[in-house]
Amino acid sequence: MRFPWKILIVLILSLLMISSRTMAYEEVEDLVEIFTTDSAFIAVVDGSRKFSEDFRSREKILWRGAKGEVGAFLTSDRLLAVSVKSGQWNTRYLKINEKNVTPEMLIAAHLVIMLTSERIVGFGTDTGGFFQTRLPIGESVVANAAEGRVAAVVTPTRAFGFSAYRRGAAEIRFQIKENLESLKTTYNKITLRTSQRLITLKAEDPVWRYFDLK
């Protein structure tokens, strides 16, 4: 019995689509290794380049992380970060009041995010160094998440979206009486569900788009 050629073509196309989707969301290989010596922060990138940054006097390590294409240290004085496209350690110093409460850190395969009471500091594979966004005065973060090439930070009045491809934040304000119900990040996409809308942002086109639910 001959297998119908039309069915065979459909099956082949279906397998190719499944394969391409799987590859699109495949976890990237860890290409950045970070460690310390008695006097320095060390990064080895892609097994071929080594960067060194000296400790400062009385500097203490508060957090460290490396994943995919990025790595970072948070110390009592500063944030240090490196990516597969860096030529050296990148440094951003903490403000005086940020040293009193340890900032929260998020890391994904292509992004590092530092959250303080006043600002969001980001660093990504393709951002060309650090960037920062100020938080609304008097507002606290109610939700955050990071995965793959995207990260999201949400306050009571707005959401900030970050992409490893963009230097800066995409911001969207909530409507009157609009409340966050859920936040989800996948490798290349952020999805917010609120009491009024479904709001999304994609890594390759980092602008917020929304759909009314009422």
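Everything discussed here concerns the structure shown above.
The structure contained in this document is the topic of the report that follows. Note that the coordinates shown come from a computational prediction; the quantities given were computed from them, not determined experimentally.

Next up on the list: the overall build of the chain. When helices and strands are tallied, the chain shows 1 helix and 19 strands. Sequence-distant contacts in the chain: of pairs separated by 6 or more residues, those separated by 24 or more amount to 43%. With the model as given, the accessible surface of the chain reaches about 12100 Å², and the carbon-plus-sulfur share is 52%.

Per the counting criterion, the structure on display carries 11 salt bridges. Glu53 serves as the salt-bridge partner of Arg78, at 3.1 Å between the closest nitrogen and oxygen. Placement of the pair is Arg78 in strand S6 (residues 78–83) and Glu53 in strand S3 (residues 49–54), with a sequence separation of 25 residues. According to the relative accessible area criterion, Glu53 is partly exposed, its value standing at 25%. With a closest N to O distance of 2.3 Å, Lys85 and Asp126 form a salt bridge. In this pair, Lys85 sits in the loop between S6 and strand S7 (90–93) while Asp126 sits in the loop between strand S10 (119–124) and strand S11 (130–134), placing the two residues 41 residues apart along the sequence. The partly exposed category is assigned to Asp126, whose relative accessible area is 33%. Residues joined in a network through salt bridges with shared partners are Glu53, Glu59 and Arg78.

Looking now at the pairing of S10. It is a general feature of regular strands that their side chains alternate between the two faces of the sheet. Across the 6 residues that make up S10, a large majority, 6, are buried. Burial of S10 is two-sided: the residues Arg119, Val121 and Phe123 facing one way and the residues Ile120, Gly122 and Gly124 facing the other way are all buried. In this antiparallel pair of consecutive strands, strand S9 (residues 111–115) and S10, the connection spans 3 residues. Summarising the sheet, S10 and S11 pair through 5 bridges and their orientation is antiparallel.

The rules behind each value
- Residues numbered from 1 in each chain as written.
- Predicted model: local features only at pLDDT ≥ 70, side-chain atom pairs only at ≥ 80, totals over all residues.
- Heavy atoms only, no water.
- Helix = DSSP H or I, 4+ residues; strand = E, 2+ residues; numbered from the N terminus.
- Contact = heavy atoms within 4.5 Å.
- Areas by Shrake-Rupley, 256 points an atom, 1.4 Å probe, with all protein chains shown as cover.
- Salt bridge = Lys/Arg side-chain N within 4 Å of Asp/Glu carboxyl O.
- Buried < 20%, exposed > 50% of the residue type's maximum accessible area, 1.4 Å probe, protein only.
- Pairing = 2+ DSSP bridges.

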